[in-house]
Amino acid sequence: MASASSLLSEEQFLCSICLDVFTDPITTPCGHNYCNTCITPYWNTSGVCQCPLCNKTFCNRPEFSVNKVLSEMADQFRKSKQQRQTSSTNPEPAEPDEVSCDVCTETKPKALKSCLVCLTSYCDTHLEPHLRLAGLKRHKLIDPVKNLEDILCKKHDRPLELFCKTDHMCICQFCTESDHKLHQIVSLKEAYEGKKAELGKTEAEVQKMIQERQVKIQEVRHSVELSKKDADRETADSVQVFTALISCIERSQSELIDVIEEKQKTTEKQAEGFIKDLQQEITELEKRSAELKQLSHTEDHLHLLQNFTSINSPPPTKDWTKVNVHQSSYAGTVKTAVAQLEKTLSQEMEKNLHDAELRRIQQYEVDVTLDPDTAYPNLILSEDGKQVSYGNIKKNLPNNPERFSFYANVFGKQSFSSGRFYYEVQVKGKTDWSLGVARASIDRKGGFTLSPNNGLWTIWLRNGNKYKGGDPPVLLPVREELQKVGVFVDYEEGLVSFYDVETRVHLYSYTGCTFTERLYPYFGPGTNGATLILSPVNHTD
């Protein structure tokens, strides 16, 4: 709210008797104002109740009450005057970014207004004449501006009050009669509003660009997070693979050492048997040698002759000339073991890599349900949309454009036009089925072959033992009956891959595909009674 001093002049707050600002002002019936302490003594002295200004006489002395509004305004004016006097005595210097008074010589206080006529900025004290004197009141005051000369026309030394839309520059009134004659001229306010609107549009565009870049930052950060997760998974998978390989190498080394030690033990056991037999024969021979020596020294002719035959011949012994200790041959043992290890490592590495690959793509699992609006009339779908089998009864269903009416097929409800997705289907017990993905525009009313040219990327089983896929079809590396099949698609990479979930073996991949339409999970359950089942991924395998 503006103060009284900024709306009224000082004369309007002065009592005409004491010539000072009103104190407890009262108002006479004729409308003039006086201090209560001034008018009462004045009438007491003169003896006549007469207005000092208009000389109107009152027969009876009026009863007065203080004019509260005028009293409050007078108090505010008095306080404002005191503040101006105080500030003029001790003015606060202007801040560096504020416009200072051009008149003050010592402390430069903040300017309140700038005059376009005087080209001078004034503080509260030095602005007072422009608010009081009639000649100065006609000057145009604006909010404080630094470098007032910049708002003057350099050619005519007049304020720049107009804008030339032709030359896109600010001009003065005299410019319209010379250099800018016949140009499109508007007021500064109109030009200001137009440029402000343009700035608003530019600001909106800049804000949009900022938001787009903030979104891109989020996308980049999200990509980094996904990359970090992939890196962590790859690290964990590599640790698992190499741990398994190291374990395999250590196991093979242990087995090789065991074989070598077993051979050495066999050799040592054989040698110990030979030594034992030889030592036993030596004992017998030493005994016979002693008997022979004793008999040869006897003087008893009869005794020698009687024992000669039994002692003279050596005791029975084994012919050791052809007996040898079998030395185990280790030639080629390490080479054979390394060759076997290489084969085992290759199998183990392939197994672990496939397992790691499958676990990695299983992270892209999606929840697929069967779409009854696309199902061939003979197909029986479960209420939860997770199972489908062939029935002998053909249902009377609307032949809508989405429904298969030639082959016993059904689509998943979900479709994909970007990214990666994976799902698993149980095929146990079935002798005829086909699985994969298909583009939305395939012919659902006529016959077709399972070929990418017809918009289908699939594998299939026929006659219970011929698993095929590809174009042209090839036999798949299936050693045992498939129990569960995993289907993985990378839309941008143009990749469709199939996996034996139980054995963790890669079955087949379509690579270098070009997808331009939405892809739907495709199911052909065949005509035998077993059920195709969409099953959740077991991430603990």
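Residues numbered from 1 in each chain as written. Predicted model: local features only at pLDDT ≥ 70, side-chain atom pairs only at ≥ 80, totals over all residues. Heavy atoms only, no water.

Enquirer: Explain the overall build of the chain here, please?
Expert: Along the backbone of the chain there are 8 helices and 21 strands. In terms of C-alpha radius of gyration, the chain reaches 57 Å, well past the compact-globule figure of 24 Å for 541 residues. Counting only C-alpha atoms and orienting by the principal axes, one finds that the chain spans roughly 200 × 90 × 65 Å. Relative to its full complement of 541 residues, the chain shows a buried share of 32%. Considering only intrachain contacts with a sequence separation of at least 6, the fraction spanning at least 24 residues in the chain is 58%. (Helix = DSSP H or I, 4+ residues; strand = E, 2+ residues; numbered from the N terminus. Rg over C-alpha atoms; globule rule 2.2 N^0.38 Å. Buried < 20%, exposed > 50% of the residue type's maximum accessible area, 1.4 Å probe, protein only. Contact = heavy atoms within 4.5 Å.)

Enquirer: Would you mind going over the nonpolar core with me for this structure?
Expert: General note: in soluble globular proteins, nonpolar side chains tend to be found buried as a group. Within the largest apolar cluster, 46 residues are counted, with the highest numbers of intra-cluster contacts made by Tyr423, Trp433, Val485 and Phe523. Here the element with the most residues in this core is strand β14 (residues 456-462); it accounts for 5 residues. What Tyr423 contacts, discounting residues up to four positions off in sequence, is Val366, Val368, Gly436, Val437, Val485, Gly486, Val487, Pro521, Tyr522, Phe523 and Leu534. (Core = buried A, V, L, I, M, F, W, Y, C linked by side-chain atoms within 4.5 Å.)

Enquirer: Explain helix α7 (residues 301-312) here, please?
Expert: Each turn of an α-helix holds 3.6 residues, which means side chains three or four residues apart point in the same direction. When the terminal C-alpha atoms of α7 are compared, their 15 Å separation across 12 residues agrees well with the 16 Å that a helix rising 1.5 Å per residue should span. Where α7 starts, the residue carrying a side-chain oxygen 3.1 Å from the main-chain nitrogen of Leu302 turns out to be Asp300. (Expected span 1.5 Å × (residues − 1). Polar contact = N/O pair within 3.5 Å; in protein donor to acceptor, adjacent residues only side chain to side chain.)

Enquirer: Mind showing me how you'd approach the packing of aromatic side chains here?
Expert: Ring pairs (aromatic) are described by centroid distance and by the angle formed between their planes. The final tally for this structure, using the stated rule, is 16 aromatic pairs. An angle of 15° between the planes, with centres 3.9 Å apart, marks the rings of Phe416 and Phe421 as stacked. Just as Phe416 is buried, Phe421 falls in that class too. Between the aromatic rings of Phe498 and Tyr510, the centroid separation amounts to 6.4 Å while the plane-to-plane angle is 75°, which identifies the pairing as edge-to-face. Of the two residues, Phe498 is situated in strand β18 (residues 495-500) and Tyr510 in strand β19 (residues 505-510); the sequence distance between them amounts to 12 residues. Each of the two residues, Phe498 as well as Tyr510, counts as buried. The positively charged end of Lys318 is found above the aromatic ring belonging to Trp320, 4.9 Å away from the centroid. (Phe/Tyr/Trp six-rings, centres within 6.5 Å; stacked < 30°, edge-to-face > 60°. Lys NZ or Arg CZ within 6 Å of the ring centre and 35° of its normal.)

Enquirer: For this particular structure, what's the right way to read the pattern of salt bridges?
Expert: When the charged atoms of two side chains lie near each other, side chains of opposite charge can form a pair. According to the stated counting rule, one finds 12 salt bridges in the structure shown. Notably, a salt bridge pairs Glu291 with Arg288, separated by 3.4 Å at the nearest N-O pair. Taken as a pair, Glu291 and Arg288 lie in helix α6 (residues 188-296) at a separation of 3 residues, close to a single helical turn. What makes Glu291 partly exposed here is its relative accessible area of 29%. (Salt bridge = Lys/Arg side-chain N within 4 Å of Asp/Glu carboxyl O.)

Enquirer: In this structure, what is going on with the sheet that holds β18? I would like to understand it.
Expert: Pairing between the strands of a sheet is mediated by backbone hydrogen bonds and can be parallel or antiparallel. Taken together, the 7 strands give an open sheet; going across it, the order is β9-β10-β21-β12-β17-β18-β19, and neighbouring strands pair in antiparallel fashion. Of all the strands in the sheet, the pair left with one neighbour each is β9 (379-381) and β19. Averaged over all pairs of adjacent strands, the angle between strand axes in this sheet comes to 20°, irrespective of strand direction. Of the pairings in the sheet, the one linking strand β10 (residues 387-390) to strand β21 (residues 532-535) comprises 2 bridges and is antiparallel in character. For Gln387, the partnering residue across the bridge sits in β21 and is Ile533. Sitting on the sheet, helix α8 (residues 333-361) is in contact with β12 (420-426), β17 (484-490), β18 and β19, with an inclination near 120° to β18. (Pairing = 2+ DSSP bridges. Axes fitted to C-alpha atoms, helices over the stretch in contact; angles between N-to-C directions.)

Enquirer: Explain unusual backbone geometry to me, please; I cannot follow it from the model alone.
Expert: Across the chain, the bulk of peptide bonds are trans and the bulk of non-glycine residues have phi less than zero. Of the consecutive residues Asp471 and Pro472, the connecting peptide bond is found in the cis state with omega at 5°. Note that Pro472 resides in the loop between β15 (466-469) and β16 (474-475). Of note, the phi angle at Asn55 is positive, near 65°, even though the residue is not glycine. Here Asn55 shows up in the loop between α2 (36-46) and α3 (68-89). Non-glycine residue His168 carries a positive phi angle of around 55°. Mapped onto the elements of the fold, His168 is located in the loop between β6 (162-164) and β7 (169-171).

Enquirer: Which parts of the structure should I look at to understand the pairing of β17?
Expert: Consecutive side chains of a regular strand alternate in pointing toward one face of the sheet and then the other. Here β17 lies mainly inside the structure; 7 of its 7 residues are buried. Residues Lys484, Gly486, Phe488 and Asp490 of β17 are buried on one face, and the alternating residues Val485, Val487 and Val489, pointing to the opposite face, are buried as well. As paired strands, β12 and β17 are joined by 7 bridges and run antiparallel to one another. If you follow Gln426 over to β17, its bridge partner there is Lys484. Joining the antiparallel neighbours β17 and β18 is a turn of 4 residues, in which Gly494 adopts a positive phi near 70°.

Enquirer: How should I be thinking about the packing of α6 against α7 in this particular structure?
Expert: Two quantities define a packed helix pair, namely the angle between the helix axes and the distance between the axes. Closest axis-to-axis distance for the α6/α7 pair is 11 Å, and the angle between their directions is 155°. Put simply, α6 runs roughly antiparallel to α7. When you trace α6 past α7, the crossing you get is left-handed. Residue-level contacts link Arg288, Glu291, Leu292 and Leu295 of α6 to His303, Leu304, Asn307, Phe308, Ser310, Ile311 and Asn312 of α7. (Parallel < 35°, antiparallel > 145°, perpendicular 65-115°, else oblique. Left-handed = near helix turned anticlockwise from the far one by under 90°.)

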